[in-house]
There are 2 protein chains.
Amino acid sequence: MEGTPTSRAERRRRTEERILSAARAIFAECGFQRTTIRAVAAAAEVDPALVMQYFGSKQELFEQAVRIPSIPPLDGELDPVEELLGRIGMKTGPLPQATLAMMRSMLTHPDAAEEVRGKLDGQVAQLADAIDSGDAELRAALMVSTMLGVTIAHQLLGLTALRGASPERIAETLRPSLRALADG
Amino acid sequence: MEGTPTSRAERRRRTEERILSAARAIFAECGFQRTTIRAVAAAAEVDPALVMQYFGSKQELFEQAVRIPSIPPLDGELDPVEELLGRIGMKTGPLPQATLAMMRSMLTHPDAAEEVRGKLDGQVAQLADAIDSGDAELRAALMVSTMLGVTIAHQLLGLTALRGASPERIAETLRPSLRALADG
DNA sequence: TCGTTGAGTCAACAAGTGTTGAGCGAAGTG
DNA sequence: CACTTCGCTCAACACTTGTTGACTCAACGA
């Protein structure tokens, strides 16, 4: 029987993680507005008041739950197109729920929009550096936008034509398109 | 003085249109959930109860306000890539608010998601017909996803690199990318 | 063992939501 | 002119929401 750790600190850590995990899942599925503290609490098998006590507010719960690791800088040695294809989760398994939650909320929650815009702007700047062209920034922005669109259509909207497609095949088919943007 | 038509039917038609217009604007900016009947009523300078009386429910108001004209079939004579570039509003002026409202809500409102998915699926099918290739459907889906992503990044998210770009320049830069998808 | 701490619950509040029914007053009709 | 019709408003209901404070009880330190 190792069911109950019964250590205070340990119990706290576990329930806190249970809440965060539940929050991530529901935020990812419903977005910020339609996610209720009560639903998160129920999924975490906890009283709603406890969620407030731990995180202070729904907004802070959201921020802590969907905190995305900052995007690492592009490796200058590798092909930007390949890095881009791999990075957005097209290759290295499905996207983390925190990212999905962020994307799900970005059109209707101003803070999420700001966050995503910032992240994408950064990605654009990095990519633009790796491209030498007069309109490098525009090209980079369109590359990022393409990845954004494909991810939304695939993961969040579920376009029928993409539902059955494996990430590898999507990446493969998409590659020439991105390359056309990257090169002049 | 032609300010007050004072005709009953005419008055009704006008206020109804005023409500629909206000609804479109607010739905487009805030999405379904964050849009309140009261806000729409206030913007239309009308009592909230009247909105309900005319449209029955918030959901029906949404449906009537954001009803998008069904996508016309592709003109087989024209280049699909050019049609696609022009159609999503990249060329023929900004997108109608109904479309923006639909897109704004599609990630957090299941009905809107269903509607958009259906429309995009149709678009994909049309495009796939115009492409002859083994994976025509996948290619078509990626073309539509690309347009979706660019539109979201440009109109809804406001990526800084795209904010200053004119639709013509975006279309021009994007063209080779779409063509790479359309052709083998 | 005893008092303290803190994880967790319970019940409630205050604000905002979609929605409803009664009613007012002017446009329509005879 | 009466009488009806209907566009429109007012006030309220029922419900959900985020949020709070008092309370319980087991883990903890002395």
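Note that the structure is a prediction, hence the values are computed from the model and not measured. (Residues numbered from 1 in each chain as written. Chains lettered and ligands numbered in written order. Predicted model: local features only at pLDDT ≥ 70, side-chain atom pairs only at ≥ 80, totals over all residues. Heavy atoms only, no water.)

Description of the overall build of chain A
A count of helical and extended segments in chain A gives 10 helices and zero strands. Secondary structure elements of chain A occur, N-terminal to C-terminal, as α-α-α-α-α-α-α-α-α-α. Sequence-distant contacts, at least 24 apart, represent 65% of the contacts inside chain A between residues at least 6 apart. Summed over all atoms, the accessible surface of chain A reaches about 8900 Å², with 50% contributed by carbon and sulfur. Within chain A, one finds 21 positive and 25 negative side-chain charges whose respective centroids are separated by 9 Å. (Helix = DSSP H or I, 4+ residues; strand = E, 2+ residues; numbered from the N terminus. Contact = heavy atoms within 4.5 Å. Areas by Shrake-Rupley, 256 points an atom, 1.4 Å probe, with all protein chains shown as cover. Lys, Arg positive; Asp, Glu negative; His and termini not counted. Charge placed at Lys NZ, Arg CZ, Asp CG, Glu CD.)

Some words on the pattern of salt bridges
A pair can form between side chains of opposite charge whenever their charged atoms are brought close. All names here are of chain A. Tallied over the full model, the rule gives 20 salt bridges over all chains. The partner of R179 in a salt bridge is E82, and the shortest N-O contact between them spans 3.3 Å. Residue R179 is found in helix α10 (residues 167-182), and its partner E82 is found in helix α5 (residues 80-90); the two are separated by 97 residues along the sequence. A residue is classified by how much of its surface remains accessible, and R179, at 28% relative accessible area, is partly exposed. Residue K119 is joined to E115 by a salt bridge in which the shortest nitrogen-to-oxygen separation is 3.1 Å. With K119 and E115 both in helix α7 (residues 110-130) and four residues apart, this pair spans about one turn of that helix. When salt bridges that share partners are traced, they join D79, E82, R175 and R179 into one network. (Salt bridge = Lys/Arg side-chain N within 4 Å of Asp/Glu carboxyl O. Buried < 20%, exposed > 50% of the residue type's maximum accessible area, 1.4 Å probe, protein only.)

A look at the relation of the copies chain A and chain B
With an RMSD of 0.1 Å, the operation that places chain A on chain B is a rotation of 180° combined with a shift of 0.0 Å along the axis. Both copies are brought into coincidence by an operation consistent with a two-fold rotation axis. Of every C-alpha in chain A, the one belonging to G149 of chain A sits nearest the axis of rotation, 1.7 Å from it. When you check the interface residues of chain A against chain B, 100% turn up at the interface there too, and the contact is symmetric in its surfaces. (Least-squares fit on C-alpha atoms with pLDDT ≥ 70 in both.)

A closer look at the protein's contact with DNA strand C
Around DNA strand C there are 22 residues in total, and R8 and Y54 of chain A together with R8, R38 and K58 of chain B lie nearest to it. In this structure, R8 of chain B approaches DNA strand C through a side-chain N or O atom, which is 2.8 Å from a base nitrogen. Between DNA strand C and K58 of chain B there is a distance of 2.7 Å, counted from a phosphate oxygen to a backbone nitrogen or oxygen. Of all the secondary-structure elements, those providing two or more residues to the surface near DNA strand C are α1 (8-34) and α3 (48-55) of chain A together with α2 (37-43) and α3 (48-55) of chain B. Class assignment of the residues belonging to the surface near DNA strand C gives a composition of seven nonpolar, seven polar and eight charged. (Near = heavy atom within 4 Å. Polar contact = N/O pair within 3.5 Å; in protein donor to acceptor, adjacent residues only side chain to side chain. Nonpolar A, V, L, I, M, F, W, Y, C, P; charged D, E, K, R; others polar.)

Structural notes on the packing of α1 of chain A against helix α4 (residues 58-65) of chain A
All names here are of chain A. Closest axis-to-axis distance for the α1/α4 pair is 9 Å, and the angle between their directions is 105°. As far as their axial angle goes, α4 and α1 are roughly perpendicular. Between α1 and α4, the contacting residues are I19, L20, A23, R24, F27, F32 and Q33 on the first element and K58, Q59, L61, F62, Q64 and A65 on the second. Of the residues belonging to the contact of α1 with α4, the class tally is eight nonpolar, three polar and two charged. (Axes fitted to C-alpha atoms, helices over the stretch in contact; angles between N-to-C directions. Parallel < 35°, antiparallel > 145°, perpendicular 65-115°, else oblique.)

Quick look at the interface of chain A and chain B
Taken residue by residue, the interface counts 45 residues in chain A and 45 residues in chain B. Contact between chain A and chain B buries roughly 3800 Å² in total, counting both sides, with carbon and sulfur atoms accounting for 72%. On the chain A side of the interface with chain B, the three residues burying the most area are L107, L138 and L157 of chain A, jointly 19% of the side's total. Here chain A and chain B share zero salt bridges between them. Counting every contact that joins chain A to chain B gives nine residue pairs in polar contact (both at pLDDT 80 or more). Elements with a contribution of two residues or more to the side of chain A that touches chain B: α1, α6 (97-105), α7, α8 (136-157), α9 (160-163) and α10 of chain A. Counting residues per element, the side of chain A that touches chain B draws most heavily on α8 of chain A, at 14 residues. In terms of residue class, the side of chain A that touches chain B is built from 27 nonpolar, 10 polar and eight charged. (Buried area = accessible area lost by both parts, 1.4 Å probe.)

Brief notes about the nonpolar core
Formed by 126 residues in total, the largest nonpolar core has its most connected members in L61 of chain A together with L61 of chain B. In this structure, L61 of chain A is in contact with I19, L20, A23, F27, I37, V40, V51 and F55 of chain A, ignoring residues within four places of it in sequence. (Core = buried A, V, L, I, M, F, W, Y, C linked by side-chain atoms within 4.5 Å.)

Considerations on the protein's contact with DNA strand D
Near DNA strand D you find 22 residues, and of these T6, R38 and K58 of chain A together with R8 and Y54 of chain B are the closest. Here DNA strand D approaches the protein such that, of its atoms within 4 Å, sugar and phosphate make up 54%. One of the side-chain N or O atoms of Y54 of chain B is found 2.5 Å from a phosphate oxygen in DNA strand D. A per-class count over the surface near DNA strand D returns seven nonpolar, seven polar and eight charged.

Quick look at the UniProt feature "domain: HTH tetR-type" (unreviewed entry) in chain A
In the numbering adopted here, UniProt assigns the feature "domain: HTH tetR-type" (unreviewed entry) to residues 13-73 of chain A. Across residues 13-73 of chain A, helical content stands at 74% and strand content at 0%; the span's end C-alpha atoms are separated by 32 Å. (UniProt positions renumbered as here; feature names shortened; annotations may be inferred.)

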